[in-house]
Amino acid sequence: MTPEQFLEFARVLPEPLLLVSSEGQLLATNQPVADMLGLRRQELRGRMLLEFVTESANDVVKYLQACSSSRTMVIGSLTLRKNDGQTLICRSQGAVIQPWSPESSALILLRLENRALASSNFVLLNEKIDELAKEVQKRKQAEEALKKANQKLEIRVEERTTALQETLNELQLTQTKLIQAEKMSSLGQMVAGIAHEINNPVSFIYGNLYHAHKYTQDLLKLVQVYQQVFPNTPPEIQEQVEEIDLDFLFQDITRLFESMTVGTERIQEIVKSLRNFSRLDEAQLKQVNIHEGIDSTLMILKHRLQARDEYPEIKVIKKYSQLPNVTCYPGELNQVFMNILVNALDALEVSAVNGQPLEVNLRTTGNQTLTKNNPQIEIKTEVIDEKWIMVSIADNGLGINEQIHSKLFDPFFTTKAVGKGTGLGLYISYQIIVERHNGQLNCFSVPGEGAEFVIKIPISSVS
Ligand SMILES: Nc1ncnc2c1ncn2[C@@H]1O[C@H](COP(=O)(O)OP(=O)(O)O)[C@@H](O)[C@H]1O
Ligand SMILES: [Mg+2]
């Protein structure tokens with residue numbers, strides 16, 4: 001390439017290019033070189049590269065020689081001395097484009113690159129990278145924040161779900177309690193209604209029995225008088241006397257009236273117990289004799305205490321102390337006695353039949369028949385101090401296993417078969433004693449020996 005050709009070629013290129021001889025003479029330059037040096041292009045032609053750089057002549061020649069003898073591009077560094085006295089460090093890339101020959105020296109093409117510009121580009125690039133890194137960081141943080149927010153949301157959703165589930169459970173429990181209360185109240189109404197209806201006719205019978213007995217006695221006496229006055233009765237009368245077995249009738253009629261009286265008295269007692277138990281008229285706080293409540297409940301459960309088929313009789317041992325009247329909700333308290341007594345009867349019946357505990361799977365008792373021969377319920381009452389009384393109901397059934405002891409008062413906890421147990425008896429009893437009467441209800445049990453339920457209630461301090 002001649003210097004002219006080079007000029008033609010280099011004019012259009014934006015990067016600084018120079019054509020130098022291997023001795024360092026400038027053969028041609030393009031406009032960017034002149035701009036770099038702050039000179040006009042004409043001022044450069046024919047001059048030596050050495051004049052425009054700070055490097056020593058030796059270094060420059062060495063570099064140019066290296067360029068002319070290499071087949072590849074040789075990279076070097078040149079510090080340009082600009083027209084205004086400032087210096088400019090450049091990276092140079094040199095390549096031989098026409099090798100040395102005897103006619104002419106080698107031609108070298110130098111390409112200059114402003115280091116400062118390059119490094120400012122580098123700075124720019126660095127800044128860009130920095131920005132990008134920051135952006136990436138920001139995105140990461142945003143992602144992290146989003147993740148956390150998501151987690152929080154999930155936790156909140158979970159909390160809400162739990163709260164809703166709890167509310168639902170509470171509602172279901174309330175509903176069951178309402179149904180139970182409704183059942184108890186309609187049962188109470190029915191019992192009270194029946195008791196009332198029976199009471200009237202029984203009162204007629206009881207009231208008239210006395211007179212009927214007396215009139216019969218009078219009539220019998222009259223017959224006796226007839227017999228004395230007319231000992232020789234005509235045969236028709238004699239026949240009738242024999243037919244009705246008058247002597248036996250004389251003896252039996254009194255016993256008959258006596259047993260009728262006992263019977264009606266018992267009906268009256270049952271009616272009284274039913275009314276006492278349901279205590280419909282007494283939904284309010286009232287001072288009552290606790291023993292009457294227990295006895296009425298026992299009276300209603302009498303059929304389950306008697307010996308039947310495979311069940312032996314269940315003995316009730318009462319150890320009543322002198323108790324003051326207690327201010328309470330009598331109907332509700334009777335319901336507690338009923339629940340605890342029914343549980344005791346259930347436990348005794350199960351052990352009486354097969355000697356196995358209620359919770360068959362939880363304990364092994366071997367073949368022992370623990371209470372088959374002497375099932376009993378002991379009811380004890382005591383004054384604890386001037387403020388409290390205690391009622392204890394203990395059975396000698398199979399007792400309560402430790403594993404289920406803590407669940408006894410939980411709603412719906414039952415070990416009984418579906419349809420037999422609701423698991424509400426002790427739960428409701430606990431509510432009545434602890435919440436309605438500010439009392440305490442505890443259970444003590446030695447597995448295999450029985451269970452004792454102890455009720456403690458204040459004599460008068462129900463709020
Ligand atoms: N006297 C008792 N002896 C043995 N277990 C009892 C006794 N009383 C209560 N339990 C146990 O407590 C459970 C809960 O009693 P309860 O709340 O009255 O419900 P339910 O009688 O409907 O099962 C019973 O299923 C039974 O396992
Ligand atoms: Mg029960």
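Worth saying up front: this structure is predicted, and the values here are computed from it rather than measured.

A.B. asks: Help me get a handle on the overall build of the chain, residues and values and all.
C.D. replies: Tallying secondary structure elements over the chain gives 11 helices and 12 strands in all. In terms of overall dimensions, the chain is more spread out than a globule: its C-alpha atoms have a radius of gyration of 59 Å, far above the 23 Å expected for 463 residues. With 463 residues in all, the chain has 35% of them scored as buried. A separation of at least 24 residues holds for 62% of the contacts in the chain among residues at least 6 apart in sequence.

A.B. asks: Can you tell me about the state of the cysteines, naming the residues and giving the values?
C.D. replies: Here a disulfide denotes a covalent bond joining the sulfur atom of one cysteine to the sulfur atom of another. Taken as a whole and judged by the stated rule, the model has 0 disulfides. Left without a disulfide partner, Cys 67 is nearest to the cysteine sulfur of Cys 90, which lies 14 Å away.

A.B. asks: Now, about the packing of aromatic side chains: what can you tell me, with residues and values included?
C.D. replies: Within this structure, the stated rule accounts for 2 aromatic pairs. Taken together, a centroid distance of 5.3 Å and an interplanar angle of 45° make the contact between Phe 409 and Tyr 430 tilted. Taken as a pair, Phe 409 in the loop between helix H10 (402-405) and helix H11 (425-436) and Tyr 430 in helix H11 lie far apart in primary sequence, 21 residues in all. Across from the ring centre of Tyr 329, 4.0 Å away, lies the NZ or CZ of Arg 436, which sits over that ring.

A.B. asks: Describe the sheet that holds strand S1 (residues 17-21), listing the residues and the values that go with them.
C.D. replies: Reading across from one edge, S2-S1-S5-S4-S3 is the order of the 5 strands in this open sheet, with antiparallel pairing throughout. In this open sheet, the two edge strands, each paired with only one partner strand, are strand S2 (26-29) and strand S3 (74-81). Here the average twist between neighbouring strands, direction ignored, is 30°. By the bridge criterion, 8 bridges tie S3 to strand S4 (residues 87-98) in an arrangement that is antiparallel. Bridge pairing links Leu 78 to Cys 90 in S4. Most of the contacts of helix H1 (residues 3-11) go to S2, to which it runs at about 25°, and overall it touches S1, S2 and strand S5 (107-114). Against the sheet, helix H3 (residues 57-69) makes contact with S1, S3, S4 and S5, and its axis sits at roughly 35° relative to S4, the strand it touches most.

A.B. asks: Hey, could you go over H11 for me, with residue numbers and the actual values?
C.D. replies: If you check H11, its first and last C-alpha atoms are 15 Å apart, about what 12 residues at 1.5 Å a residue would give, namely 16 Å. Those residues of H11 not exposed but buried are Leu 426, Tyr 427, Ile 428, Ser 429, Gln 431, Ile 432 and Ile 433. Just downstream of H11 lies Asn 438, where phi reads positive at about 50°.

A.B. asks: Got a sec to walk through the layout of surface pockets? Specific residues and values, please.
C.D. replies: In this structure, the largest pocket encloses a volume near 1,000 Å³. For the largest pocket, the lining is made up of 42 residues, of which Asn 339, Val 342, Asn 343, Lys 416 and Gly 425 are closest to its centre. Mapped onto the lining of the largest pocket, the elements with two or more residues apiece are helix H4 (115-229), helix H6 (246-278), helix H8 (302-305), helix H9 (330-354), H11 and strand S12 (450-458). In terms of residue count, the dominant contributor to the lining of the largest pocket is H9 (9 residues). In terms of residue class, the lining of the largest pocket is made up of 22 nonpolar, 12 polar and 8 charged.

A.B. asks: Break down empty space enclosed by the protein for me, with residues and values.
C.D. replies: Evaluated as defined, the whole model comprises 2 cavities of 30 Å³ or more. Its boundaries defined by the atoms lining it, the largest cavity holds a volume of some 50 Å³. Looking at which element gives the most residues to the lining of the largest cavity, the answer is S2, with 4 residues. Residue composition of the lining of the largest cavity, grouped by class: 5 nonpolar, 1 polar and 2 charged. Within this model, the second largest cavity holds a volume of roughly 40 Å³. Every residue lining the second largest cavity is counted, 10 residues in all, and those nearest its centre are Val 288, Asn 289, Ile 290, Gly 293 and Asn 334. Among the elements of the structure, helix H7 (290-300) and H9 are those that each provide at least two residues to the lining of the second largest cavity. Along the lines of polarity and charge, the residues of the lining of the second largest cavity split into 6 nonpolar, 3 polar and 1 charged.

A.B. asks: So, the domain arrangement of the chain: which residues are in play, and what are the values?
C.D. replies: One can read the domain layout of the chain as domain 1 (3-105) and domain 2 (279-463). For domain 1 and domain 2, the distance between their C-alpha centroids amounts to 116 Å.

Cut-offs and rules
Residues numbered from 1 in each chain as written. Chains lettered and ligands numbered in written order. Predicted model: local features only at pLDDT ≥ 70, side-chain atom pairs only at ≥ 80, totals over all residues. Heavy atoms only, no water. Helix = DSSP H or I, 4+ residues; strand = E, 2+ residues; numbered from the N terminus. Rg over C-alpha atoms; globule rule 2.2 N^0.38 Å. Buried < 20%, exposed > 50% of the residue type's maximum accessible area, 1.4 Å probe, protein only. Contact = heavy atoms within 4.5 Å. Disulfide = S-S within 2.5 Å. Phe/Tyr/Trp six-rings, centres within 6.5 Å; stacked < 30°, edge-to-face > 60°. Lys NZ or Arg CZ within 6 Å of the ring centre and 35° of its normal. Pairing = 2+ DSSP bridges. Axes fitted to C-alpha atoms, helices over the stretch in contact; angles between N-to-C directions. Expected span 1.5 Å × (residues − 1). 1 Å grid on protein atoms, 1.4 Å probe; cavity = no way out; pocket = protein on both sides within 12 Å on 5 of 7 lines; lining within 4 Å. Points joined across faces, edges and corners; volume = space filled by probe spheres on them. Nonpolar A, V, L, I, M, F, W, Y, C, P; charged D, E, K, R; others polar. Domains from an automatic or database assignment.

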